[in-house]
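# What the coordinates show
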Amino acid sequence: MEMKERHRRGSVSGGGGAGGAGFLEGEEAPLLPGGLRNRRRRDSQPRYEPTDWDDSLPYGGKVYLARRKLPDSRLCVALQVAVVAASLGTLYYAWFHSDHMHFHLVKAYAHLGHREAQATVGHKLLHGKGVEQNHTAAMEWFSKAAEQGHPQASYNLAVGHLQGHTTQLKPGEAHKLIRHAASHGVPEAEEVMKRVCSKGHCDE
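Residues numbered from 1 in each chain as written. Predicted model: local features only at pLDDT ≥ 70, side-chain atom pairs only at ≥ 80, totals over all residues. Heavy atoms only, no water.

### Comments concerning the overall build of the chain
Note the threshold: A run of H or I in DSSP counts as a helix once it spans at least four residues, and a run of E counts as a strand once it spans at least two, with each numbered from the N terminus. Burial classification: accessible surface area is computed with a 1.4 Å probe over protein chains only, and a residue below 20% of its type maximum counts as buried, one above 50% as exposed, and the rest as partly exposed. Pairs of residues are marked as contacts when any of their non-hydrogen atoms sit within 4.5 Å. Accessible areas in this description were obtained via Shrake-Rupley with a 1.4 Å probe; residue shielding takes into account the shown protein chains only.
A tally of helices and strands in the chain yields nine helices and zero strands. Listed by position from the N terminus, the elements making up the chain come as α-α-α-α-α-α-α-α-α. Out of the 204 residues belonging to the chain, those deemed buried represent 22%. Put simply, 34% of the contacts in the chain that link residues at least 6 apart link residues at least 24 apart. Taken as a whole, the chain presents about 16400 Å² of accessible surface, with 56% of it coming from carbon and sulfur.

So, in structure tokens, the structure goes:
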């Protein structure tokens, strides 16, 4: 019993026996006996180091683009042809029919309620610029712009009424419209106020 106890104490103390040989004082032994041998075996294998790696580029410059472009589908080609044809048609229309194109663009804004656009549409209809001349339609657009206080449209509507064009003005409204235009700096309205309205001809 005493010899077994001495042998156990000598093994635990890590003295000069075979179990504790090879370790210096203060050095910890590995948890697994084979861990050190496996680590040394992995470290001894050569590591791959690329020669063309560039740290200044994302992923070291090793991301490549596709070498071959996939062909476009028939639908994609048809859409591209349609876009090109529409662009060429629009350029042709804008170059040779600019007045007609401008009229329809302005008319679109006029339908949205812009008084400047409404007055411009009335002016184009009155003089037949980019569209067939139509005095009745011109007075309708002048009326819409005049309802929003547009000075030139108010003057054109009043003068059109005095010249006999079809309007919805009641007696005396033409005089008010001309006075409104003159107060907002329309020179033609000021002249009509002096030469026509002063004689009572604007109250019809």
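### A word on the nonpolar core
In plain terms, the rule: Throughout this description, the term nonpolar core refers to a set of buried Ala, Val, Leu, Ile, Met, Phe, Trp, Tyr and Cys residues connected via side-chain atoms within 4.5 Å.
Membership of the largest hydrophobic core comes to 31 residues, with the highest contact counts inside it found for V121, L125, F142, L157, I178 and A189. Secondary-structure elements contributing two or more residues to this core are α4 (98–111), α5 (115–127), α6 (135–147), α7 (151–162), α8 (173–183) and α9 (187–195). Non-local contacts of L125, meaning those with residues more than four positions away in its chain, are made with F103, V131, E132, Q133, N134, A137, A138 and W141.

### Things to note about the packing of aromatic side chains
Our working definition: Centres within 6.5 Å are what make two rings of Phe, Tyr or Trp a pair, Trp counting through its six-membered ring; a difference in plane orientation under 30 degrees is then read as stacked, over 60 as edge-to-face, and the rest as tilted. For a Lys NZ or an Arg CZ to count as sitting over a ring, it must be within 6 Å of the ring centre and within 35 degrees of the ring normal.
Taken as a whole and assessed by the stated rule, the structure comprises one aromatic pair. Pairing Y92 with F96 gives two aromatic rings, centres 4.7 Å apart and planes at 45°, and the pair type is tilted. With Y92 and F96 both in helix α3 (residues 74–96) and four residues apart, the pair spans about one turn of that helix. The ring of W141 is capped by K144, whose NZ or CZ atom sits 4.2 Å from the centre of that ring.

### Quick look at the confidence of the model for the chain
Put simply, the rule reads: For every residue, the predictor assigns a confidence score, pLDDT, that lies between 0 and 100.
Per-residue pLDDT for the chain averages 79, and the proportion of residues at 70 or more is 66%. The secondary structure element of the chain with the lowest average pLDDT is helix α1 (residues 2–13), at 48, and the one with the highest is α6, at 96.

### As for the layout of surface pockets
Put simply, the rule reads: Cavities and pockets were defined on a 1 Å grid built from protein atoms only: a cavity is a group of points that admits a 1.4 Å probe but offers it no way out, a pocket is an open group of points flanked by protein on both sides within 12 Å along at least five of seven lines, and a lining residue is one with an atom within 4 Å of any such point. Grid points are joined across faces, edges and corners, and a volume is the space filled by probe spheres set on the points. Any residue outside Ala, Val, Leu, Ile, Met, Phe, Trp, Tyr, Cys, Pro, Asp, Glu, Lys and Arg is labelled polar, Gly included; the first ten of those are nonpolar and the last four are charged.
When its volume is computed, the largest pocket comes out at roughly 220 Å³. The greatest single-element share of the lining of the largest pocket, amounting to six residues, is contributed by α6. Of the residues contributing to the lining of the largest pocket, the split by class is five nonpolar, five polar and four charged.

### So, the side chain of H150
Selection criterion: By the criterion applied in these results, polar contacts are pairs of N or O atoms within 3.5 Å in which, for protein atoms, one can donate a hydrogen and the other can accept it, and in which residues neighboring in sequence qualify only through two side-chain atoms.
Tracing the chain through its elements places H150 in the loop between α6 and α7. At a separation of 3.1 Å, a polar atom in the side chain of H150 contacts the main-chain amide nitrogen of A153.

### Side note on the state of the cysteines
In plain terms, the rule: When two cysteine sulfur atoms are found within 2.5 Å, that pair is recorded as a disulfide.
By the definition in use, this model includes one disulfide. In this model, C197 is linked to C202 through a disulfide, with the two sulfur atoms separated by 1.9 Å. Taking the sign of the S-S torsion, about -85° here, the bridge from C197 to C202 comes out left-handed. The pair formed by C197 and C202 is uniform in burial state, with each residue classed as buried.

### With respect to the environment of P187
By secondary structure assignment, the location of P187 is in helix α9. For the pair formed by P187 and Q152, sequence separation is 35 residues and the distance between their alpha carbons is 9.9 Å.

### Looking at a nonpolar patch on the surface
Using the following cut-off: Patches draw on residues past 30% relative accessible area with no salt bridge. Two like charges within 9 Å are joined, as are two nonpolar side chains (Val, Leu, Ile, Met, Phe, Trp, Tyr) within 5 Å. Whenever a carboxyl oxygen of Asp or Glu lies within 4 Å of a side-chain nitrogen of Lys or Arg, that contact is scored as a salt bridge.
There is a patch of nonpolar side chains on the surface, built from V84, L88 and L91 and spanning about 320 Å² of accessible area. Within the secondary structure layout, L91 lies in helix α3.

### Comments concerning the packing of α8 against α9
The test is simple: In this analysis, axes come from line fits to C-alpha atoms, helices being fitted only over the stretch in contact, and the angle between any two N-to-C directions falls in the range 0 to 180 degrees. We call two directions roughly parallel when the angle between them is under 35 degrees, roughly antiparallel when it is over 145, roughly perpendicular when it lies between 65 and 115, and oblique otherwise. Here a crossing is taken to be left-handed if its near helix is turned anticlockwise relative to the far helix by less than a right angle, and right-handed if that turn runs clockwise.
Taken N-terminus to C-terminus, the directions of α8 and α9 make an angle of 130°; their axes are 7 Å apart at the nearest point. Taken as axis vectors, α8 and α9 run oblique relative to one another. Classified by chirality, the crossing of α9 by α8 is left-handed. Where α8 approaches α9, its residues H175, I178, R179, A181 and A182 are matched on the opposing element by A189, E190, V192 and M193. Here the residues of the contact of α8 with α9 sort into six nonpolar, one polar and two charged.

### Re the packing of α6 against α7
At a minimum axis distance of 8 Å, the contact between α6 and α7 shows a crossing angle of 135°. By the angle between their directions, the pair α6 and α7 is classed as oblique. The two elements α6 and α7 cross, and the hand of that crossing is left-handed. Of the residues in α7, those in contact with M139, F142, S143, A145 and A146 of α6 are A153, S154, N156, L157 and G160. When its residues are assigned to classes, the contact of α6 with α7 shows six nonpolar, four polar and no charged.

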